[in-house]
Amino acid sequence: MALAGIVNVPGRVNLIGEHIDYHNLPVLPVALSQRIRITWRLRDDSLIRASSPGFPPREFEWTSNLQPVAGGDWENYLRAAAAAYASKWGVERGIDAEIESDLPAAAGLSSSSALIVAVTLALLEANDRHATFEELMDVLPEGEHFVGTRGGAMDHAAVLASHAGSATKIAFAPVRVTHIPIPPGWTFIVADSGKSAEKSGAVREEYNARRAAGAGAPKRLGYASYRDVLATGRAVEMASELHDEREHDSYLHVVTEASRVDAAVDAMQNDNRVRFGKLMLESHASLRDQLRVSCPELDALVDTAMGIGALGARLTGAGFGGSAVVLCEPSSADRILAAFPGRAFIAQPSDGALTRQ
Ligand code: GLA
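All values reported here derive from a predicted model rather than from experimental measurement.

### A look at the environment of proline 53
Following the sequence through the fold, proline 53 ends up in the loop between β3 (47-52) and β4 (55-61). With 126 residues separating them along the chain, proline 53 and histidine 179 place their C-alpha atoms 35 Å apart.

### Quick word on helix α5 (residues 202-215)
When the terminal C-alpha atoms of α5 are compared, their 21 Å separation across 14 residues agrees well with the 20 Å that a helix rising 1.5 Å per residue should span. Contact partners of the buried residues in α5: α6 (217-220), α7 (226-231) and α8 (245-269).

### Concerning the sheet that holds strand β10 (residues 323-328)
An order of β9-β10-β8-β11 is seen for the four strands of this open sheet, with the pairing classed as antiparallel. The two strands at the open ends of the sheet, each matched to only one other strand, are β9 (312-315) and β11 (344-346). The average undirected angle you get between the axes of adjacent strands in this sheet is 20°. Bridging between strand β8 (residues 187-192) and β11 involves three bridges; their strand directions are antiparallel. Across the sheet, residue alanine 191 finds its bridge partner in β11, namely alanine 344. Sheet strands touched by helix α10 (residues 296-307): β8, β9 and β10. Its angle to β9, the strand with the most contacts, is close to 170°.

### Quick word on the sheet that holds strand β5 (residues 95-101)
Overall, mixed pairing links the five strands, which are arranged β1-β2-β5-β3-β4 in an open sheet. Because the sheet does not close on itself, it has two edges, and the strands there are β1 (4-16) and β4. Pairwise comparison of adjacent strand axes, ignoring direction, gives a mean angle of 20° for this sheet. Note that β1 and strand β2 (residues 28-42) share 11 bridges and pair antiparallel. For isoleucine 16, the partnering residue across the bridge sits in β2 and is leucine 28. Sheet strands in contact with helix α1 (residues 75-89) are β3, β4 and β5, and its direction is about 35° off that of β4. The strands touched by α8 are β1 and β2; relative to β1, the strand with the most contacts, the crossing angle is about 105°.

### A short note on the packing of helix α2 (residues 111-126) against helix α3 (residues 133-144)
Where α2 meets α3, the axes come as close as 11 Å, and the angle between the chain directions of the two elements is 130°. Overall, the two elements α2 and α3 adopt an arrangement that is oblique. Where α2 crosses over α3, the handedness of that crossing is right-handed. On α3, the residues that touch Ser112, Ser113, Ile116, Val117, Thr120, Leu121 and Leu124 of α2 are Leu136, Leu140 and Glu144.

### Thoughts on the packing of aromatic side chains
A full pass over the atoms with the stated rule returns eight aromatic pairs. Here phenylalanine 55 and tryptophan 74 contribute two aromatic rings whose centre-to-centre distance is 5.5 Å and whose plane-to-plane angle is 45°, an arrangement assigned as tilted. Within this pair, whereas phenylalanine 55 is found in strand β4, its partner tryptophan 74 is found in the loop between β4 and α1, the two being separated by 19 residues in sequence. Ring-pair connections join several aromatic residues into one group, and the members of that group are Trp62, Tyr85 and Trp89.

### Examining the site of the ligand
Neighbouring residues of the ligand: 13 residues in total, closest Glu18, His19, Asp21, Asp155 and Tyr207. Coverage of the ligand by the protein chains reaches 98% of its 310 Å² of free accessible surface. Each residue belonging to the shell around the ligand can be placed in one class, and the counts come to four nonpolar, four polar and five charged.

### Section: the pairing of strand β6 (residues 166-171)
Counted residue by residue, β6 has five buried out of six residues, so it is predominantly covered. The pairing of β6 with strand β7 (residues 176-181) spans six bridges and is classified as antiparallel. Residue pairing in the sheet places alanine 171 in a bridge with arginine 176 of β7. Connecting β6 to the next strand, β7, in antiparallel fashion are four residues, including alanine 173 with a positive phi near 50°.

Thresholds, definitions, all that
- Residues numbered from 1 in each chain as written.
- Predicted model: local features only at pLDDT ≥ 70, side-chain atom pairs only at ≥ 80, totals over all residues.
- Heavy atoms only, no water.
- Helix = DSSP H or I, 4+ residues; strand = E, 2+ residues; numbered from the N terminus.
- Expected span 1.5 Å × (residues − 1).
- Contact = heavy atoms within 4.5 Å.
- Pairing = 2+ DSSP bridges.
- Axes fitted to C-alpha atoms, helices over the stretch in contact; angles between N-to-C directions.
- Parallel < 35°, antiparallel > 145°, perpendicular 65-115°, else oblique.
- Left-handed = near helix turned anticlockwise from the far one by under 90°.
- Phe/Tyr/Trp six-rings, centres within 6.5 Å; stacked < 30°, edge-to-face > 60°.
- Near = heavy atom within 4 Å.
- Areas by Shrake-Rupley, 256 points an atom, 1.4 Å probe, with all protein chains shown as cover.
- Nonpolar A, V, L, I, M, F, W, Y, C, P; charged D, E, K, R; others polar.
- Buried < 20%, exposed > 50% of the residue type's maximum accessible area, 1.4 Å probe, protein only.

Given below as structure tokens:
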């Protein structure tokens, strides 16, 4: 049994398929080269102690009945990991963890899921347990609910199972990952809107409300799930049967976004980046007008990128602030980066935490 070690977990940027993972519809993210790194040391007791530059140190006793502490405290992410772990493997020995990150927080790049995944993997390694991807996926998305956001399972799957150079098509229930090689010359840029999307704060309520708004629509239409609705081939026409405006609009976002993911995978497989860019723009418009999760800063970012030659751009992640993802020709990348000084970078599609280099 190792007494100390290091785990690395990347962030992710979602290329397309937004706000549909929690309805069990496929999405298409990539893992980033920016990561959370935990240097851990096994303890003799069940304390979990963590330090991270810029955050107050935290320490708690790992028990089988952990409760959240005050909202907004980063200890909740540590507790979420410990609770997720305990739900499958019980309470074991704790760790001292030094956490470092070059992944921007509250930027829509999944820093919170990456942290929960990293703490879970550190506890597993420290206790000499080997968990499969499927086992981790059984407990991690549920564990995040501990923090109060009823998110989907995209982030955990992307940061665990992605492959360098590929986009990760993730299907749910059961979770299944397909690696789609990104053709040479496709350049994705991530640009921060400057508006923070702190998921443990006010954004949480908005996020949870969007999830709830679309969730009842399939049943109201007489189907068990969105997958069944989509299988009819008449999903868009059926929107007229929904009379609550919020529900109608959320439903329309979900069913149109699902077809955009299929079309985007097809465009990537056929090296058609112009088509992929158009689909990204349509996705942004739907997130802005139907689901209403954009904000003026993100809309301006998309407009600016398109105005200087991008092929497509859209908000990424939960929205309400955070980042946009931009697709461009390699020759336009410098111009686009220069338009967002200090807050944009070229995404390097990277390996997930379980992918051994
Ligand atoms: C957040 C959630 C994800 C997903 C996105 C929106 O990042 O954690 O599960 O729902 O929002 O696509």
